[in-house]
Amino acid sequence: MRERIWKIGKRVFDVSRHGLIMGVLNVTPDSFSGRGEFLSADEATERGLQMAAQGAHIIDVGGESTRPGSQPVTVEEELRRVIPVVQNLRAKLAIPVSIDTSKAKVARAAIDAGASIVNDITGGRGDEQMLPLVAETKSAFIIMHMQGIPRTMQVQPRYTDAVTEISEFFRQQYARAIGLNIDPMAIAFDPGIGFGKTVEHNLDLLAHLERLRALDRPLVIGVSRKSFLGKLIGSPEIRNRLIPGVALTSLLRARGADVFRVHDVKENVYALQVTEAILQRAK
């Protein structure tokens with residue numbers, strides 16, 4: 001496997017050699033995982049520190065639920081939720097902190113507080129100031145694909161060919177980003193599993209990861225606790241999605257995924273470590 005670099009601030013990660021676990025830290029009362037227990041800055045900080053101790057390579061802080069059917073929150077409320085947490089984590093951790101937001105004002109405040117990655121579910125389409133901000137601050141940028149908006153995205157999502165259409169979206173947004181002087185080595189792509197996709201769309205995307213890879217950039221995958229896993233295993237219980245999610249970390253790493261956005265860090269770190277030990281022997 002040839003070298004594949006992701007620049008995050010002043011750090012450089014060769015994700016072709018070692019995949020990255022991104023711990024999901026939702027500072028919301030209504031996260032899609034159905035728990036929403038980390039409401040205070042102190043509680044969220046402790047959870048982030050726990051994720052780092054379990055082996056997370058990145059902590060992804062989000063203050064607005066993006067689960068299907070969720071409602072947007074104001075900029076002020078999102079700032080109130082996430083900025084103290086980013087500040088606390090940055091003061092106590094050496095690993096990168098990511099801000100999960102589609103609002104440029106929130107991203108800027110989080111970057112000022114120490115975040116070095118912007119994880120935007122709209123891929124830079126939701127706020128016209130987002131791409132210029134990423135370029136100005138030299139932040140790493142995750143361009144995610146979403147059809148529609150969280151409130152309505154799962155109402156009959158349709159594609160002629162999901163893999164082809166999302167791959168083309170990545171290429172278009174990459175060109176936009178480069179045109180605005182975003183460092184190409186700082187860009188990663190996320191196909192947005194479950195964001196305006198049916199179970200069949202999700203399966204097609206996961207089965208054809210290399211067709212999604214644009215210009216040899218890292219692929220970020222988030223399947224953790226998502227409802228399509230429950231549909232595949234025939235169980236509505238969120239706790240039953242852990243095992244298939246961990247299995248996908250191993251399978252998708254072997255098939256070319258680079259960054260795994262997960263809620264259950266320890267289990268996925270272990271799965272990634274074992275998978276990569278085998279992949280190294282196979283070279």
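Each chain carries its own residue numbering, running from 1 in the direction its sequence is written. Where totals are concerned, whole chains, interfaces and linings use all residues; where local detail is concerned, this predicted model gives features only for residues with pLDDT of at least 70, and gives and counts side-chain atom pairs only at 80 or more. Working from all heavy atoms in the structure, the side-chain values ignore hydrogens and water.

Looking now at a nonpolar patch on the surface. A contiguous nonpolar surface patch, about 250 Å² in accessible area, is contributed by Leu203, Leu232 and Ile233. Numbering of helices and strands runs from the N terminus, with a helix taken as a DSSP run of H or I at least four residues long and a strand as a DSSP run of E at least two residues long. Relative to the helices and strands, Leu232 is located in helix H8 (residues 227-233). Patch definition: residues with relative accessible area over 30% and no salt bridge; like charges joined within 9 Å; nonpolar side chains (Val, Leu, Ile, Met, Phe, Trp, Tyr) joined within 5 Å. What sets the accessible areas is the Shrake-Rupley method with a 1.4 Å probe; for residues, cover comes only from the shown protein chains. Note on definitions: salt bridges are taken to be side-chain nitrogens of Lys or Arg within 4 Å of carboxyl oxygens of Asp or Glu.

Now for the layout of surface pockets. Its volume calculated, the second largest pocket comes out at about 210 Å³. Ranked by residues supplied to the lining of the second largest pocket, first place goes to helix H4 (residues 130-137) with 3 residues. For this classification, Asp, Glu, Lys and Arg are treated as charged, while Ala, Val, Leu, Ile, Met, Phe, Trp, Tyr, Cys and Pro are nonpolar and the rest, including Gly, are polar. Classifying every residue of the lining of the second largest pocket gives 7 nonpolar, 5 polar and 3 charged. Buriedness for pockets is judged along seven lines, at least five of which must meet protein on both sides within 12 Å for an open set on the 1 Å grid over protein atoms alone, while cavities are sets there where a 1.4 Å probe fits but cannot get out, and lining residues have an atom within 4 Å of a point. Grid points are joined across faces, edges and corners, and a volume is the space filled by probe spheres set on the points.

Another aspect to go through is the side chain of Arg4. Within the secondary structure, Arg4 sits in the segment before strand E1 (5-8). Its relative accessible area of 5% is what places Arg4 among the buried residues. It only takes one pair of heavy atoms within 4.5 Å for two residues to be counted as in contact. Not counting the four nearest positions on each side in its chain, Arg4 is found in contact with Phe13, Asp14, Val15, Ser16, Arg213, Asp216, Arg217, Pro218, Gly256 and Asp258. Each residue is placed in one exposure class: buried if its accessible area under a 1.4 Å probe, protein chains only, is under 20% of its type's maximum, exposed if it is over 50%, and partly exposed if it falls in between.

So, about the packing of aromatic side chains. Any pair of aromatic rings gets described here by the distance separating the centres and the angle formed by the planes. Geometry of aromatic contacts follows a simple scheme: Phe, Tyr and Trp rings, the Trp one being its six-membered ring, pair when their centres are within 6.5 Å, and the pair is stacked under 30 degrees between planes, edge-to-face over 60, tilted otherwise. If you walk through the whole model with that rule in mind, you get 3 aromatic pairs. A centroid spacing of 4.6 Å and a plane angle of 35 degrees characterise the contact between Phe170 and Phe189, whose relative ring orientation is tilted. Of the two residues, Phe170 is situated in helix H5 (residues 162-179) and Phe189 in strand E8 (residues 187-190); the sequence distance between them amounts to 19 residues. For Phe170, a relative accessible area of 0% translates into the label buried. On the accessibility criterion, Phe189 (0% relative accessible area) is buried. Considering the side-chain rings of Tyr174 and Phe189, the 6.3 Å spacing of their centres and the 40 degrees angle between planes classify their relative orientation as tilted. Taken together, the residues span a long stretch of sequence, with Tyr174 in helix H5 and Phe189 in strand E8 at a distance of 15 residues. We note that Tyr174, like Phe189, is buried. Taken together, the ring pairs in this structure connect Phe169, Phe170, Tyr174 and Phe189 into an aromatic cluster.

Moving on, we get to the packing of helix H1 (residues 41-53) against helix H2 (residues 75-92). Axes here refer to lines fitted to C-alpha atoms; in helices the fit is confined to the stretch in contact. Angles between the N-to-C directions go from 0 to 180 degrees. Relative orientation of the contacting elements H1 and H2 amounts to 40 degrees, with a least axis distance of 9 Å. With respect to each other, H1 and H2 are oriented oblique. The handedness of the crossing between H1 and H2 is right-handed. In contact with Ala41, Asp42, Ala44, Thr45, Gly48 and Leu49 of H1, H2 contributes Pro84, Val85, Asn88, Leu89 and Lys92. Among the residues forming the contact of H1 with H2, the class breakdown is 6 nonpolar, 3 polar and 2 charged. Reported orientations rely on four angle classes, namely roughly parallel under 35 degrees, roughly antiparallel over 145, roughly perpendicular from 65 to 115, and oblique for the rest. Should the near helix be turned anticlockwise from the far one by less than a right angle, the crossing is termed left-handed; should it be turned clockwise, right-handed.

Keep in mind these numbers describe shape, not what the thing actually does.
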